[in-house]
Amino acid sequence: MTLLDAVLSLSEAPARDEALQRILRALAQATAADALSVLTAAEDGSVGVAAQIGLSPAALGLSFNPAEHPRLRRATLAAGPIRFLDPSEPDPYSGWLLGSAGEIHPIHACMAVPLRVQGRLAGLLTLDACDPHGLRGLRDEDARMFAGLCAGALRLDIGPGTALAAGARRAAGGGALPGGSAAMRRVEREIAVLAPLSVPVLVTGETGVGKELVARALHERSPRASRALVIVNCAAIPAQLVESELFGHRKGAFTGATAARAGRFEAAHGGTIFLDEIGELPLAAQAQLLRALQEGEIQPVGEDRARRVEARVVAATNRDLRREVAEGRFRADLFHRLWVYPICVPPLRERREDIPALCERFAAEIADELGAAQVDFDEPTLRALTQAGWPGNVRELKNAVERAVLRRMMAEGTGAAGRTLVLRREDVDDADEHGALARPGAPRIELPGERPWPAGELPGERPWPAGVPPGAPVEPLVEALERARREAFARAFRAAGGNAAMAGRLLGVSRSFAYKEAVRLGLIPAPEPRRR
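Residues numbered from 1 in each chain as written. Predicted model: local features only at pLDDT ≥ 70, side-chain atom pairs only at ≥ 80, totals over all residues. Heavy atoms only, no water.

(A) How the structure looks around the sheet that holds strand β13 (residues 343-344). Pairing in this open sheet of five strands is parallel, and the strands run β8-β9-β12-β7-β13 from one edge to the other. Each of the sheet's edge strands pairs with one partner strand only, and the pair in question is β8 (229-233) and β13. When strand β7 (residues 201-204) meets strand β12 (residues 312-317), the two strands line up parallel, connected through four bridges. Bridge pairing links Thr-204 to Thr-317 in β12. (Pairing = 2+ DSSP bridges. Helix = DSSP H or I, 4+ residues; strand = E, 2+ residues; numbered from the N terminus.)

This is the structure we're talking about:
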């Protein structure tokens, strides 16, 4: 590929990302760089990897805060190409170089060029070569030329969608408009078009695909971003209270209404209301919702007059609303009012190329929570995670990664603080015949020397198990449970290095409960009373 090919990429490539990839391929042939990347700048000042060559596939979508990386901070402030000569400065891509899970040697060639569009920072072009002299043949003028081509590619879709991808991937529960696959790029384009409008949007998709993240992106990229985003889980509201929750009520409207209360629609006035699991709404509430959509009016329970309210409605469901309409459980007129432009979020099994990046992101989140230096995956582990079925989608994947980290900690028997954990195949759940990961069943606990009872045989038909002679003293149940409780909490706090939050997660209880129980059991000292 020649420089001419890179230039033609701006007019021939079907999208920004493909143009960037072609430009990087041309630059790779012109230099001895081992890794190249284009990072795009988000509105919050962070930069995210939009295209790369020579890095782990999971690096795509990775986001950095320049304030935490001296080299990136200097690059964002530079007027032109900058070469990094101080080996004491950490490289942001340590551990991400393809074929090497370890850190990049401090003495290597590293270079960055700011990308500017209409006078503002749009991103960075970075080059890394393991050979300290690997970038010597690249002149600053040539680097500027390639940077100009990259900046031109960024102009192909500069605007709301550019910052959206990086910002959404950093969201918690995270992820994110998760991934950079073709399917998720389509969703991002749809969001970029719909966000500035006020039309209702229906987000569809299976459980755990990230429908709420789409709703947040629609709100944050809209002119309503400075106003409230009110999230309502329709499935969690008792049927008799739905209308009161959504539209409010006056004092004395029903038993227990001791004071007037504004509903969720009024709280979202001027902003966005996200109705999750809208298929669970009873028909009576659907009629009120239809009026709110058509007329911009709501009527609180117990009031005679309607109130004006202006809020954009984003709804989500994992149900087939067409079938719900056909079976009489959902109003046809409300369905057609919501079905202006549906956004369908694809399940994880249809975009497996997003899984490595998601795994890396979830691992980074739990590493940060545990104080670990880094959490890595060996190749068999990442392959198993990528090939699994994931019926619970992104939410299930996140839980599986967190479980794997906890299992690795318990297997090694030490805390995670300051360490690099490498997850292995045995740390992740076992795959069933359908490719889904299923958590192994709990092992049967047996007494020393005990043999399992054969099926259909009663315990009284066999001799006592070895080690439990007849007449052996039986510990009172309360004492046995308390002893088991103490042992379980002691093991959890030992594995968590004394961290109550981590111990709680291992035990499946809250941090506060784990802490209080540990104090009660004498495993950790009680807090000193506050002095007045």
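(B) Layout of the sheet that holds strand β2 (residues 47-53). Taken in spatial order, the six strands of this open sheet run β3-β2-β1-β6-β5-β4, and their pairing is antiparallel. Each edge of the open sheet carries a strand with a single partner, namely β3 (63-64) and β4 (82-83). Note: strand β1 (residues 35-41) against strand β6 (residues 120-129), six bridges, orientation antiparallel. Directly across from Leu-36, in β6, lies its bridge partner Leu-127. Most of the contacts of helix α4 (residues 140-154) go to strand β5 (residues 109-117), to which it runs at about 45°, and overall it touches β1, β4, β5 and β6. (Contact = heavy atoms within 4.5 Å. Axes fitted to C-alpha atoms, helices over the stretch in contact; angles between N-to-C directions.)

(C) How the structure looks around the side chain of Thr-381. Secondary-structure assignment places Thr-381 in helix α14 (residues 379-387). Among the residues examined, Thr-381 registers a relative accessible area of 0% and is labelled buried. In this view, Thr-381 contacts Leu-423, Arg-424, Arg-425 and Val-428; residues no more than four positions away in its chain are not counted. (Buried < 20%, exposed > 50% of the residue type's maximum accessible area, 1.4 Å probe, protein only.)

(D) Focus on the pairing of β8. Of the two faces of β8, only the one carrying Val-230 and Val-232 is buried; Leu-229, Ile-231 and Asn-233 on the other face are not. Sheet topology note: the β8/strand β9 (residues 272-276) ladder contains five bridges and is parallel. The residue of β9 that forms the bridge with Ile-231 is Phe-274.

(E) Here's a closer look at the packing of aromatic side chains. The tally for this structure, following the rule as stated, stands at four aromatic pairs. The interplanar angle of 25° and the centroid separation of 5.5 Å between the aromatic rings of Phe-247 and Phe-265 together place this pair among those described as stacked. On the criterion of sequence distance, the pair formed by Phe-247 in helix α8 (residues 242-247) and Phe-265 in helix α9 (residues 264-267) is long-range, its members being 18 residues apart. For Phe-265, a relative accessible area of 1% gives the class buried. (Phe/Tyr/Trp six-rings, centres within 6.5 Å; stacked < 30°, edge-to-face > 60°.)

(F) Local environment of the pattern of salt bridges. Tallying each qualifying case throughout the model produces 30 salt bridges. Note that Arg-408 and Asp-427 form a salt bridge whose closest N and O atoms lie 2.9 Å from each other. In this pair, Arg-408 is assigned in helix α15 (residues 393-412) and Asp-427 in the loop between β15 (420-423) and β16 (430-431), connecting sequence segments 19 residues apart. Note on accessibility: Arg-408 and Asp-427 belong to one class, buried. The shortest N-O distance in the salt bridge between Glu-482 and Arg-520 comes to 3.1 Å. Linking Glu-482 in helix α16 (residues 477-495) with Arg-520 in helix α18 (residues 511-520), this pair joins segments that are 38 residues apart in sequence. (Salt bridge = Lys/Arg side-chain N within 4 Å of Asp/Glu carboxyl O.)

(G) Focus on the packing of helix α13 (residues 355-370) against α14. Two elements in contact, α13 and α14, have axes separated by 9 Å at closest approach and are oriented at 115°. Helix-helix and strand crossings are classified by hand; for α13 and α14 the assignment is right-handed. Listed contacts from α14 to Ile-355, Pro-356 and Cys-359 of α13 are Leu-382, Leu-385 and Thr-386. (Left-handed = near helix turned anticlockwise from the far one by under 90°.)

(H) Structural view of the pairing of β9. Of all five residues in β9, five are buried, a share of seventy percent or more. Residues Thr-272, Phe-274 and Asp-276 of β9 are buried on one face, and the alternating residues Ile-273 and Leu-275, pointing to the opposite face, are buried as well. In the sheet, β9 pairs with β12 via four bridges, with the strands oriented parallel. Its bridge partner lying in β12, Thr-272 is registered against Arg-312.

(I) Quick look at the packing of α16 against helix α17 (residues 500-507). Between α16 and α17, the shortest axis-to-axis distance is 8 Å and the interhelical angle comes to 125°. Between α16 and α17, the crossing angle belongs to the class labelled oblique. For α16 against α17, the interelement crossing comes out right-handed. Contact residues: α16 offers Ala-488, Phe-489, Ala-492, Phe-493 and Ala-495, while α17 offers Ala-500, Ala-503, Leu-506 and Leu-507. Class assignment of the residues belonging to the contact of α16 with α17 gives a composition of nine nonpolar, no polar and no charged. (Parallel < 35°, antiparallel > 145°, perpendicular 65-115°, else oblique. Nonpolar A, V, L, I, M, F, W, Y, C, P; charged D, E, K, R; others polar.)

(J) Up close: unusual backbone geometry. Its identity as a non-glycine residue notwithstanding, Trp-390 has a phi of 50°, on the positive side. With respect to the secondary-structure elements, Trp-390 resides in the loop between α14 and α15. Despite not being glycine, Asn-393 shows a phi value in the positive range, around 60°. Tracing the backbone shows Asn-393 in helix α15. By relative accessible area, Asn-393 is classed as buried at 0%.

(K) A look at α4. An ideal rise of 1.5 Å per residue puts 21 Å on 15 residues; α4 measures up with 21 Å between its terminal C-alpha atoms. For α4, the set of buried residues is Asp-142, Ala-143, Phe-146, Ala-147, Leu-149, Cys-150, Ala-151, Ala-153 and Leu-154. (Expected span 1.5 Å × (residues − 1).)

(L) The environment of Ala-284, seen in detail. Mapped onto the secondary structure, Ala-284 falls in helix α10 (residues 283-295). Ala-284 sits in the partly exposed class, given a relative accessible area of 48%.

(M) How the structure looks around the nonpolar core. The biggest cluster of nonpolar side chains holds 37 residues, and the ones touching the most others in it are Cys-359, Phe-377, Trp-390 and Leu-397. At the level of secondary structure, the elements contributing two or more residues to this core comprise α13, β14 (374-377), α14, α15, β15, α16, α17 and α18. With sequence-adjacent residues up to four places away left out, Phe-377 is seen in contact with Cys-359, Glu-360, Ala-363, Leu-382, Leu-385, Val-401 and Leu-423. Residues Ala-33, Val-38, Leu-127 and Ala-129 belong to the second largest nonpolar core, which totals 30 residues. (Core = buried A, V, L, I, M, F, W, Y, C linked by side-chain atoms within 4.5 Å.)

(N) Local environment of the confidence of the model for the protein chain. With 81% of its residues at a pLDDT of at least 70, the protein chain reaches an overall mean of 79. The low-confidence segment residues 158-176, where pLDDT is below 50, has 47 contacts with residues more than four positions distant or belonging to other chains. The low-confidence segment residues 439-462 (pLDDT under 50) makes 22 contacts with residues lying over four places distant or belonging to another chain. (pLDDT = per-residue confidence, 0-100.)

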